[in-house]
Amino acid sequence: MKNFVVKTIANAGALAVAIWLVGNITLEGGSTGRKALTLILVALIFGLVNFLVKPVVQLLTFPLFILTLGLITLVVNALMLMLTSWLAGVFDLSFHVEGFWTAVLGGLIISVVSWALNVVLPDEN
């Protein structure tokens, strides 16, 4: 359970950095507390998408992974971020990613920041 909380916090931090750096990734809302709650909920959705959908997509794109020497991972990460944005809209959360190239840049930022946060944060069960 503790590992799940740590990974969710890392995802929320990575999403916050992407929102801060990329203008077309937006998180709107009223108060700071409301934005923080929305960010945590979006991080949960992002974690579930990466846990449930991403392995299937990676399995289906394995030949492309070999052909592109792993660069297809950027596209897969962008698609997972766009799916998260769509699901956030379904759940009426004010998180939006505008466009594919924005999602590619956001996915790259989120990957780097979440990797760094997972190195720093404790990894206990």
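Residues numbered from 1 in each chain as written. Predicted model: local features only at pLDDT ≥ 70, side-chain atom pairs only at ≥ 80, totals over all residues. Heavy atoms only, no water.

Visitor: Break down the side chain of serine 85 for me, with residues and values.
Guide: Inspection of the secondary structure assignment puts serine 85 in helix H5 (residues 72-90). Other than its neighbours up to four places away in sequence, serine 85 contacts Phe95, His96 and Val97. (Helix = DSSP H or I, 4+ residues; strand = E, 2+ residues; numbered from the N terminus. Contact = heavy atoms within 4.5 Å.)

Visitor: Before we move on, could you go through the environment of isoleucine 9 and cite the residues and values that matter?
Guide: The topology assignment puts isoleucine 9 in helix H1 (residues 2-21). As a C-alpha pair, isoleucine 9 and leucine 117 span 108 residues in sequence and 8.9 Å in three-dimensional space.

Visitor: Can you break down helix H6 (residues 100-120) residue by residue, with the values?
Guide: Here H6 spans 30 Å end to end across 21 residues, near enough to the 30 Å set by a 1.5 Å rise per residue. Among all positions of H6, only Thr102, Ala103, Val104, Gly106, Gly107, Ile109, Ile110, Val113 and Ser114 are buried. (Expected span 1.5 Å × (residues − 1). Buried < 20%, exposed > 50% of the residue type's maximum accessible area, 1.4 Å probe, protein only.)

Visitor: Would you mind going over the packing of aromatic side chains in detail, with residue names and values included?
Guide: Applying the stated criterion to the full structure yields two aromatic pairs. Where phenylalanine 100 meets tryptophan 101, the ring centres are 5.1 Å apart and the plane angle is 75°; that geometry is what we call edge-to-face. Note on phenylalanine 100: relative accessible area 29%, which makes it partly exposed. On the basis of relative accessibility, which here comes to 67%, the residue tryptophan 101 falls in the exposed class. (Phe/Tyr/Trp six-rings, centres within 6.5 Å; stacked < 30°, edge-to-face > 60°.)

Visitor: Account for H5, with residues named and values stated.
Guide: The end-to-end C-alpha separation of H5 is 27 Å, in line with the 27 Å expected for 19 residues at 1.5 Å each. All buried positions along H5 are accounted for by Ile72, Val76, Asn77, Ala78, Met80, Leu81, Thr84, Ser85 and Ala88. Following H5 by one or two positions, aspartate 92 adopts a phi angle in the positive range, close to 60°.

Visitor: Describe the UniProt feature "transmembrane region" (unreviewed entry) in the protein, naming the residues involved and giving the relevant values.
Guide: Per the UniProt record, "transmembrane region" (unreviewed entry) is found at residues 12-30, 36-53, 65-88 and 100-121. Strand forms 16% of residues 12-30 and helix 53%; the C-alpha atoms that close the span are 18 Å apart. (UniProt positions renumbered as here; feature names shortened; annotations may be inferred.)

Visitor: Outline the environment of leucine 64, supporting the account with residue identities and numerical values.
Guide: Mapped onto the elements of the fold, leucine 64 is located in helix H4 (residues 62-67). For the pair formed by leucine 64 and serine 94, sequence separation is 30 residues and the distance between their alpha carbons is 34 Å.

Visitor: So what's going on with the packing of helix H2 (residues 32-52) against H5? Which residues, and what values?
Guide: Relative to each other, H2 and H5 sit at 130°, their axes nearing to 9 Å. One finds that H2 runs oblique with respect to H5. For the pair H2 and H5, the crossing hand works out as right-handed. For the pair H2 and H5, contact is made by Val42, Ile45, Phe46, Val49 and Asn50 and by Met80, Leu81, Leu83, Thr84, Leu87 and Ala88, respectively. Grouping the constituent residues of the contact of H2 with H5 by class yields nine nonpolar, two polar and no charged. (Axes fitted to C-alpha atoms, helices over the stretch in contact; angles between N-to-C directions. Parallel < 35°, antiparallel > 145°, perpendicular 65-115°, else oblique. Left-handed = near helix turned anticlockwise from the far one by under 90°. Nonpolar A, V, L, I, M, F, W, Y, C, P; charged D, E, K, R; others polar.)

Visitor: Tell me about the nonpolar core, and name the residues and values.
Guide: Proteins that are soluble and globular tend to have nonpolar side chains buried together. Ranked by internal contacts, the top residues of the largest apolar core, which has 29 residues, are Leu15, Ile25, Leu81, Phe95 and Ile110. Looking at this core, the elements with two or more residues in it are H1, strand E1 (25-27), H2, H5, strand E2 (95-97) and H6. If we ignore the near neighbours within four places in the chain, the residues touching phenylalanine 95 are Leu15, Ile19, Ile25, Thr26, Leu27, Val42, Leu81, Thr84, Ser85 and Ala88. (Core = buried A, V, L, I, M, F, W, Y, C linked by side-chain atoms within 4.5 Å.)

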